[in-house]
Each structure stands twice: as structure tokens, then as C-alpha cells.
Amino acid sequence: MKEIDDNLLTTFLEGKLDEQTNREIETWYDASEENRRRLEALYFVLFTGDRLRAAASVNTDQAFRSLQRRIELRRQKNKPQWRRIAMRYAAILVAGVIVAGMYIYQNRPDDRICTVNAENSECTVTLPDGSVVRLTRSSELNYPAVFSDKNRTVHLSGEAFFEVSKRNGALFTVTTVHDAEVVVRGTKFNLKAYNDSSDIETVLVEGAVDFRAAEHVVALHPGQKVSYNPADNDLTLQTVNIEAELSTRLRTFRHVDLSQITAVIEDFYGLGITFRSDALKGIQFTGTLDFNMPIDHILEVLTLSTNTRFSRHGEKITIYK
């Protein structure tokens, strides 16, 4: 079976795959709710005019005929679930064509802001200038449908790896929380900027970037990492192992209440965490957590550092003394 990535799914939605691959994707779609949400989200990106160029590249008539053909095949096999799925696709397609048509009619691309939310899985976004952004799970990117000749500004909430295309006279800027930003001239870098109390971090792989926050302006060289803590306005610059930095999902917190940390953990792992006493919520944590690790490892690090304990019963976790 082929790897199911966004390129393959896009080709599926365009109706350009052979029947065998179509069946494989349909089976993949039926396998989980996460797969269904992923395909439907991609459908909206293609057909609701977030990017006029992307929408225009899709032959909607061909896609609709292909969907009709697959619906008929599934109907002959007496699979009612697919009929419900197909009806949902048809509704999405019609809504997408209508909205895309409205954008074409209005012809106001400069006013449109595109939003990509990698809520449950990583995804790759190609920006209007050809730059590529790989969004980490639980991250969101906002960008204009069309960049101006001299300004390319996007906003990141979460974590992403950027491969920025060079354009003479047009800087590329990534804005984040706490008014921190990275100014780029054509480069590859990783940026973490979550809407919580963790550090904002940038690791430069190739090229050159300037990191700006408050009164700080730091020029990074390849192999360097800058960490900025908004709470105390502290900034550090260090040389790091790029491969090791990019292979982990480290989040650094400094003097952050335990309740804020557990909220981040709940959101990432999809678990419920409660405190046996409200007094425990205000205990402060300083340290680094690797979100590639199992939840039990995260909890061990957290509780050992704060002189607390935890108990776990399935998806429910309790913090106590």
C-alpha cells in the first residue's frame, strides 16, 4: 500500500488515481475518525478558496464525476456507510465550489487570510511564494492568500519547520506570541512558539535569521539555537546538535504553575488531569519535557521535580502529595 500523504490525498480528491489506489484510500478513510477529519480538512483547503491558486488547479467536474462513480460502486456492494460518507463529501464539494466561486467573483485576494490548523496530525503547507512549512501537531499557521512584493508575513502558534524561498527585496517574517518574531532572508529553521508559558525557541539549519523580542535582536548562524522566556524577558543563545534538536519535541518551562503545565499535557496527550488539592496547582515547575516520550515518563519528570506524586487509572490522572 502506498504511503498516504497529502499529495496522494489531493490526487484522490482530483479523481486522478487508479481504482486500486482509490480503494486503498477509501479503506484508510474508514479506518479511523482521525483519517476522516484529515481528508475532509484537505477537501476544505482545496475547495473553499483559502488559496485561489490551489482551488483553481482542481478540476471540480472531474472530481465530482469520480466521486459519483465510487459512490455507485459502493452502492452495488451494499455498503451504506460509504453512502453516508459520499453524501458528506458531496455537501463539502458543493459548499467548496460555491465559496471558491464567491472568492473569484469578489476578486479580493489581498484581504483573505488562510488558516491551517494541524490539530491532530502533522501537515505540510506550501505558501504563495513557494516556501514550505511543516506544521507539528497542535499547531496553527495564518498567512495571506497573496504576499505583497516587499512583505511576506505569517503568524505561527505552535511549532513548525520552515523552508523559505528567496525573493530579492522581500523579507520573510514569522510573528508569534509575546510579540516575538523571526526575520528571514531564505533559509531553513525550526520555530517553537506555543500559546502557553513555555520558551519561544528557534533553531537555524541553513541561511541566516534575526530573532527579535522586546529589546532583543539576535542574529543566528547555522547550528545555533535561541531561547526566549517572555515572563522574565530572558534570552539565551547556544550552539546545538541540529539533528538531535529536530528529532525531539522538547518544551522548556521556567517557573510555571503546575496547573498550566498539566493543561499543556492534557491537550497534547488527550488525558484528564486533576489535583487532589487546589494548593498543588500553584507549585511551580522549571525544566524541560520531551513530548515524544510516553505520558508516564512525562508525569515522572514532572512529579519528581515538584515533589508530588501521581496515580493513573486509564485516561484519568490525579496529582497528589
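For the structure itself, look to the data block above.
Sequence positions are assigned chain by chain, starting from 1 and proceeding in written order. Since the coordinates come from a predicted model, pLDDT governs what is reported: local features require at least 70, and pairs of side-chain atoms require 80 or more to be given and counted, while whole-chain, interface and lining totals use all residues. As a rule here, side-chain values come from all non-hydrogen atoms in the structure, and water together with hydrogens is ignored.

Student: Hey, could you run me through the overall build of the chain in this one?
Tutor: Within the chain, the secondary structure is distributed over nine helices and 18 strands. Think of it in three bands: residues with accessible area under 20% of the maximum for their type are buried, residues over 50% are exposed, and the middle band is partly exposed, with areas taken using a 1.4 Å probe on protein chains only. Expressed as a percentage of the 321 residues in the chain, the buried residues total 47%. Accessible surface computed for the chain: about 16200 Å², of which carbon and sulfur atoms make up 49%. Numbering of helices and strands runs from the N terminus, with a helix taken as a DSSP run of H or I at least four residues long and a strand as a DSSP run of E at least two residues long. Each accessible area is a Shrake-Rupley estimate made with a 1.4 Å probe; only the visible protein chains count as cover when residues are assessed.

Student: How should the nonpolar core be read in this particular structure?
Tutor: Generally speaking, soluble globular proteins have nonpolar side chains that are buried together. For the purposes of this section, nonpolar cores are sets of buried Ala, Val, Leu, Ile, Met, Phe, Trp, Tyr and Cys residues that join through side-chain atoms within 4.5 Å. Core analysis: the largest hydrophobic core is formed by 36 residues, its most contacted members being Leu135, Phe162, Phe189 and Phe211. Sorting elements by how many residues they give to this core places strand S5 (residues 151-163) first, with four residues. With residues up to four places along the chain from it excluded, the contact list for Phe162 reads Val132, Val133, Leu141, Val154, Leu156, Phe172, Val174, Thr187, Lys188, Phe189 and Leu191. Listed in part, the 21 residues of the second largest apolar core include Phe268, Ile273, Phe275 and Leu299. Here a residue-residue contact requires only that any non-hydrogen atoms of the pair lie within 4.5 Å.

Student: Quick question: what am I supposed to make of helix H2 (residues 19-31) here?
Tutor: Given a rise of 1.5 Å per residue, 13 residues ought to cover 18 Å, and the 18 Å separating the end C-alpha atoms of H2 matches this to within 8%. Of all the residues in H2, the buried ones are Thr21, Asn22, Glu24, Ile25, Glu26, Trp28 and Tyr29. The residue sitting at the N-terminus of H2 and contributing the capping side-chain oxygen is Asp18; that oxygen lies 3.1 Å from the backbone nitrogen of Gln20. One fewer than the residue count of a helix, multiplied by 1.5 Å, yields its expected span. Between N or O atoms, a polar contact is any pair within 3.5 Å; within protein, one atom must be a potential hydrogen donor and the other a potential acceptor, and residues adjacent in sequence are included only when both atoms are from side chains.

Student: Explain the pattern of salt bridges here, please?
Tutor: Side-chain pairs of opposite charge can arise where the charged atoms are in close proximity. Salt bridges are defined as contacts in which a side-chain nitrogen from Lys or Arg sits within 4 Å of a carboxyl oxygen from Asp or Glu. Summed over the entire model, instances satisfying the criterion amount to twelve salt bridges. The salt bridge partner of Asp129 is Arg152, with a shortest N-O separation of 2.5 Å. One end of the pair, Asp129, is in the loop between strand S2 (123-126) and strand S3 (132-135); the other, Arg152, is in strand S5, and 23 residues separate them in sequence. The pair Asp129 / Arg152 is uniform in exposure class, with both members buried. Note that Arg134 and Glu163 form a salt bridge whose closest N and O atoms lie 2.9 Å from each other.

Student: Sorry, what's going on with the pairing of S5 here?
Tutor: It is a general feature of regular strands that their side chains alternate between the two faces of the sheet. As defined by bridge partners, S3 adjoins S5 across four bridges and the pair is classed as antiparallel. Across the sheet, Val132 pairs through a bridge with Glu163, a residue of S5. With three bridges connecting them, strand S4 (residues 139-144) and S5 associate as antiparallel partners. Following the sheet pairing, Asn142 is matched in S5 by His155. A strand pair is defined by DSSP finding two or more bridges across the two strands. Adjacent in sequence and paired antiparallel, S4 and S5 are bridged by six residues. Direction of pairing for S5 relative to strand S6 (residues 171-175): parallel, over a ladder of five bridges. Across the sheet, residue Arg152 finds its bridge partner in S6, namely Phe172.

Student: Help me understand the packing of aromatic side chains, please; the structure alone is not making it clear to me.
Tutor: Here a Phe, Tyr or Trp ring, Trp counted by its six-membered ring, pairs with any other such ring whose centre lies within 6.5 Å, and the pair is stacked when the planes are under 30 degrees apart, edge-to-face when over 60, and tilted otherwise. Overall, the coordinates contain seven aromatic pairs when judged by the stated rule. Taken together, a centroid distance of 6.2 Å and an interplanar angle of 65 degrees make the contact between Phe162 and Phe172 edge-to-face. Placement of Phe162 in strand S5 and of Phe172 in strand S6 is noted, with a sequence separation of ten residues between them. With respect to class, Phe162 is no different from Phe172; both count as buried. Each residue in the set Phe147, Phe162, Phe172 and Phe189 is aromatic and connected to the rest through ring pairs, giving one cluster.

Student: When you look at the pairing of strand S13 (residues 234-239) in this model, what are you seeing that I'm missing?
Tutor: Here strand S12 (residues 224-229) pairs with S13 via six bridges, running antiparallel. Paired with Tyr228 across the strands is Leu235, a residue of S13. Between S12 and S13, which pair antiparallel and follow one another directly, the connecting turn spans four residues, one of which, Asn233, has a positive phi of 55 degrees.

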